[in-house]
Amino acid sequence: MMARSVFHDLFSEEEAAELEMRAKLLSGINKWLSKSGLTQTEAAEQPGVTQARASEIKNGKINRFSLSMLVRLAQRAGLRPGIKLQKAA
């Protein structure tokens, strides 16, 4: 069983679920940026964002990105975003 995130202590179950998904996507995109070997400017160009937005990804500014935007950015970066559902405990 996966440990509950701090989001569940601070938000409703629905908001916590969305925040967990956003955090996972943001983290994956950030890892891609770090491993890409590209400069921040070059890394911003591939998913089609500004250097400032790439900086927000790097700095974990989760509140600056919607779930749908993070899915699109992950796809543009060549990642395969997905979802896995499991029954709530």
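None of these values were measured; they are calculated from a predicted model.

## Re the nonpolar core
Note on soluble globular proteins: their nonpolar side chains tend to be buried together. Ranked by size, the top nonpolar core spans 19 residues in total, and within it Leu26, Ile29, Ile57, Phe65, Leu70 and Leu73 carry the most contacts. Looking at this core, the elements with two or more residues in it are helix 2 (13-35), helix 3 (40-45), helix 4 (51-58) and helix 5 (67-76). The leading source of residues in this core is helix 2, at seven residues. Excluding residues that lie within four positions of it along the chain, Ile29 makes contacts with Ile57, Leu70, Leu73, Ala74 and Leu79.

## Some remarks on the pattern of salt bridges
Taken as a whole and assessed by the stated rule, the structure comprises three salt bridges. Notably, a salt bridge pairs Arg64 with Glu56, separated by 2.9 Å at the nearest N-O pair. The exposure class assigned to Glu56 is buried, which follows from its relative accessible area of 16%. Within this structure, Arg53, Glu56 and Arg64 form a network of salt bridges that share partners.

Rules and cut-offs
Residues numbered from 1 in each chain as written. Predicted model: local features only at pLDDT ≥ 70, side-chain atom pairs only at ≥ 80, totals over all residues. Heavy atoms only, no water. Core = buried A, V, L, I, M, F, W, Y, C linked by side-chain atoms within 4.5 Å. Buried < 20%, exposed > 50% of the residue type's maximum accessible area, 1.4 Å probe, protein only. Helix = DSSP H or I, 4+ residues; strand = E, 2+ residues; numbered from the N terminus. Contact = heavy atoms within 4.5 Å. Salt bridge = Lys/Arg side-chain N within 4 Å of Asp/Glu carboxyl O.

The quantities given are spatial measurements derived from coordinates; they are silent on function.
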